[in-house]
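Descriptive structure summary
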Amino acid sequence: MIDLLYCGNEKVFDGVLTSLLSIVMRDPSKDSYRVTIFTMNLSRLNPDYTPISDKLINFLDGVMKRYNPESSVRKVDVTDLYEELLGHSPNEGCYCSPYTLLRLLADKVDGFSSRLLYLDADIMFNRDIHLLTSYDISKYEFAGSNDHYGKYLINPRYMNAGVIYFNLDECRRTGLFEKARAWIWRKKLVFADQSAILRACSKRKLLPQKFNDQKFLHKHTVVRHFSKRLFWLPYPHTDNIKQWQIEKVHRIFHYHAFDDIYEVYLKDKGAYEKL
């Protein structure tokens, strides 16, 4: 069984559904998955910052059980934990949303095995997930790939935190999450949780770019991360095209490698909307 962690509110539905479908549909072994979604109520900041509904969780749970009856999806409302450990910090208004900070609470929640794969909601697997989870990280706190732009602009070993394979035993031993939360309180960071994790770690494993490809999709790409990227034409600009924006994925990226997944996604989304 593989432990997966996502974080967010109701608006991550399309991302988590497409991401999970890509995992199970690219897994020839049909392994079982224990999916956890951290959520919270932070409507004091934004009326849209409300927890994921049980209806959504139950639907995703049914989707995963369709591929393996032993798989499961659970939600963990970490509102109280967030308010106690991260609420009102300098990074609460971070570049994305406060929900990105929730992964820093992984050491405070029970029910995980020693290995935990954290995923942003805007990723899709192009190949078998076991190519990633088979890495030996017993001597590391976590493993991840370079940030496509950060490796040029910040540091050649600057990692992107959208795909992180945690060794929770080692993280607890070194106090990684505690140190990262301390950084969140220390000062406002450019990339908030990502910067905090990187500053707090003592030993990490750098994986090939194919495990978090933020710009291209190659045949060898295992994970395609649909993060904001730079386009040069027809003029230099950035765009934040997500995997569930299928028309844009076809028209701008010219990707058709995920069409079988999109077919199932659209059927499942239609079924959910009828509930």
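One structure accompanies this document, and this report is about it. Predicted, not measured: the structure shown is a model, and the values here were computed from it.

1. A word on the overall build of the protein
Helix and strand counts for the protein come out as 10 helices and 11 strands. The C-alpha atoms of the protein give 18 Å as radius of gyration, which agrees with the globular expectation for 275 residues (19 Å, within 12%). Along the first, second and third principal axes, the C-alpha atoms of the protein reach 45 × 45 × 40 Å. Sorting the 275 residues of the protein into buried and exposed places 55% on the buried side. Sequence-distant contacts in the protein: of pairs separated by 6 or more residues, those separated by 24 or more amount to 72%. Accessible area of the protein: about 12,300 Å², with a carbon and sulfur share of 53%.

2. Some remarks on the sheet that holds strand E6 (residues 142–145)
Strands sit in the order E3-E2-E1-E4-E7-E6-E8 across an open sheet of 7 strands; the sheet is mixed. Both outer strands of the open sheet, strand E3 (72–77) and strand E8 (204–207), are each paired with one neighbouring strand and no more. Taken pair by pair, the neighbouring strands of this sheet meet at an average axis angle of 25°, ignoring direction. The sheet contact formed by E6 and E8 spans 4 bridges and is parallel. Note on E8: the bridge partner recorded for glycine 144 is leucine 206. Docked against the sheet, helix H2 (residues 54–67) engages strand E2 (33–39) and E3, running at close to 155° with respect to E3.

3. Concerning the packing of helix H7 (residues 176–186) against helix H8 (residues 192–200)
Put simply, H7 and H8 touch, their axes get as near as 8 Å, and they point 130° apart. On the basis of the axis angle, H7 is oblique to H8. You can see that H7 and H8 cross each other, and the crossing is right-handed. Counted together, Leu176, Lys179, Ala180, Trp183 and Ile184 of H7 and Ala192, Asp193, Ala196, Ile197, Arg199 and Ala200 of H8 form the full contact between these two elements. Tallied by class, the residues present in the contact of H7 with H8 amount to 8 nonpolar, no polar and 3 charged.

Conventions adopted
- Residues numbered from 1 in each chain as written.
- Predicted model: local features only at pLDDT ≥ 70, side-chain atom pairs only at ≥ 80, totals over all residues.
- Heavy atoms only, no water.
- Helix = DSSP H or I, 4+ residues; strand = E, 2+ residues; numbered from the N terminus.
- Rg over C-alpha atoms; globule rule 2.2 N^0.38 Å.
- Buried < 20%, exposed > 50% of the residue type's maximum accessible area, 1.4 Å probe, protein only.
- Contact = heavy atoms within 4.5 Å.
- Areas by Shrake-Rupley, 256 points an atom, 1.4 Å probe, with all protein chains shown as cover.
- Pairing = 2+ DSSP bridges.
- Axes fitted to C-alpha atoms, helices over the stretch in contact; angles between N-to-C directions.
- Parallel < 35°, antiparallel > 145°, perpendicular 65-115°, else oblique.
- Left-handed = near helix turned anticlockwise from the far one by under 90°.
- Nonpolar A, V, L, I, M, F, W, Y, C, P; charged D, E, K, R; others polar.

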